[in-house]
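Structure assessment
Listed below, chain by chain, are the residues.
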There are 2 protein chains.
Amino acid sequence: MSKNLNISILMDFYGQLLTDKQYDAMDLYYNQDLSLAEIAEDSGISRQGVHDAIKRGEKQLEELEEKLGLAARFAAVSRQVERIKTLVEEIEEENTSPKLQDKIAELKRLSDEFENVI
Amino acid sequence: MSKNLNISILMDFYGQLLTDKQYDAMDLYYNQDLSLAEIAEDSGISRQGVHDAIKRGEKQLEELEEKLGLAARFAAVSRQVERIKTLVEEIEEENTSPKLQDKIAELKRLSDEFENVI
């Protein structure tokens, strides 16, 4: 079974719609990097059972993203924020007007704060 | 039945998880502003049936937002973008440096573009 790194991102968006069993197995596998055998041992489910729960969960997450596309929307916002941050830094470096300095600093603060919001 | 205006927003986020019947009835009611009686007549379902489909849909959308909170996350992004846009406009107005002018214009373009992304 090859790990799909996007799954971690999709779990962040839609994980609460999975069953507890699916979520726990996927969290151990994708976020805590445990092996299928380790998860099976910890949870008292067979290795095959863990494998199936993860596969079903992956499919569900992918179907949710296909329908709703919210992870893609957030990713587009993130890219836009990165472009804004770069530009604000350049403007801050090149600015020589004391009058603008405070507003540019505030703009930098706001664009940095996006990380807490997204 | 009183209209909950947040429902339109939640439909934009999670509407694709509703059944077609629910989605269509809610779309006519919330987005096209038809009455329950009009929707009943158009769809050949009883007024009570339309009412129930809408109520079930509303409950489902609210449960999805309670679990996932993605509409709230996007709303927070929107508020942050509004603050950034205001500040960029102020900076643009107050700037006197020709050197910064292009970068500030580009920043304005990027912050305006958020509307297409969000």
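Our subject is the structure that appears above.
So, here is what we can say about the structure in this document. (Residues numbered from 1 in each chain as written. Chains lettered and ligands numbered in written order. Predicted model: local features only at pLDDT ≥ 70, side-chain atom pairs only at ≥ 80, totals over all residues. Heavy atoms only, no water.)

1. Describing the packing of aromatic side chains
Applying the stated criterion across every chain yields a total of 8 aromatic pairs over all chains. Where A:Phe114 meets B:Phe114, the ring centres are 5.9 Å apart and the plane angle is 20°; that geometry is what we call stacked. On the criterion of chain membership, the pair formed by A:Phe114 in helix α6 (residues 98-117) and B:Phe114 in helix α6 (residues 98-117) is interchain, its members lying in two chains. A relative accessible area of 1% means that B:Phe114 is categorised as buried. Chaining the aromatic ring pairs together yields one cluster made of A:Phe13, A:Tyr14, A:Phe74, B:Phe13, B:Tyr14 and B:Phe74. Here the basic side chain of B:Arg73 rests over the ring of A:Phe13, its NZ or CZ set 4.9 Å away from the ring centre. (Phe/Tyr/Trp six-rings, centres within 6.5 Å; stacked < 30°, edge-to-face > 60°. Helix = DSSP H or I, 4+ residues; strand = E, 2+ residues; numbered from the N terminus. Buried < 20%, exposed > 50% of the residue type's maximum accessible area, 1.4 Å probe, protein only. Lys NZ or Arg CZ within 6 Å of the ring centre and 35° of its normal.)

2. Details of the relation of the copies chain B and chain A
When chain B is fitted onto chain A, the two copies agree to an RMSD of 0.1 Å after a turn of 180° and an axial shift of 0.0 Å. The transformation just described matches what one would write down for a two-fold rotation axis. Most of the interface of chain B is mirrored in chain A, where 100% of its interface residues are also at the interface. (Least-squares fit on C-alpha atoms with pLDDT ≥ 70 in both. Contact = heavy atoms within 4.5 Å.)

3. A closer look at the environment of B:Lys55
All names here are of chain B. Its place among the elements puts lysine 55 in helix α4 (residues 47-68). Exposure remark for lysine 55: the relative accessible area of 35% places this residue in the partly exposed category. Within the local environment of lysine 55, its side chain forms a polar contact with the side chain of glutamate 58, the two groups lying 3.0 Å apart. (Polar contact = N/O pair within 3.5 Å; in protein donor to acceptor, adjacent residues only side chain to side chain.)

4. Quick look at the nonpolar core
Nonpolar side chains tend to gather and get buried jointly when the protein is soluble and globular. Core analysis: the largest hydrophobic core is formed by 70 residues, its most contacted members being A:Tyr14 and B:Tyr14. Among all residues touching A:Tyr14, those that are not within four sequence positions of it are A:Leu61, A:Leu64, A:Glu65, A:Leu68, A:Gly69, A:Leu70, A:Ala71, B:Leu68 and B:Leu70. (Core = buried A, V, L, I, M, F, W, Y, C linked by side-chain atoms within 4.5 Å.)

5. Things to note about the interface of chain B and chain A
Across the contact, 36 residues belong to chain B and 36 residues belong to chain A. Where chain B abuts chain A, roughly 3,800 Å² becomes buried across the two surfaces, and 70% of that area is made up of carbon and sulfur atoms. Counting the surface chain B buries against chain A, the share from its top three residues, B:Arg73, B:Gln80 and B:Lys103, is 16%. Where chain B meets chain A, there are 6 salt bridges. Residues A:Lys103 and B:Glu90 are paired through a salt bridge, measuring 2.8 Å at the closest nitrogen-oxygen approach. Here chain B and chain A share 10 residue pairs in polar contact (both at pLDDT 80 or more) between them. (Buried area = accessible area lost by both parts, 1.4 Å probe. Salt bridge = Lys/Arg side-chain N within 4 Å of Asp/Glu carboxyl O.)

6. Digging into α6(B)
Helical geometry note: an α-helix holds 3.6 residues per turn, so side chains three or four residues apart project in the same direction. Helix length check: α6(B) (20 residues) gives 30 Å between terminal C-alpha atoms against 28 Å at 1.5 Å per residue, within 8%. Residues of α6(B) that are buried include every one of B:Leu100, B:Ile104, B:Leu107, B:Leu110, B:Ser111, B:Phe114 and B:Val117, and no others. Taken end-on, α6(B) shows its buried residues confined to a sector of 120°, consistent with a single buried face. Exposed residues on α6(B) whose side chains face more than 90 degrees from its buried face are B:Pro98, B:Asp102, B:Glu115 and B:Asn116. The secondary structure elements touched by the buried residues of α6(B) are α5 (70-94) and α6 of chain A together with α5 (70-94) of chain B. (Expected span 1.5 Å × (residues − 1). Arc of directions from axis to C-beta.)

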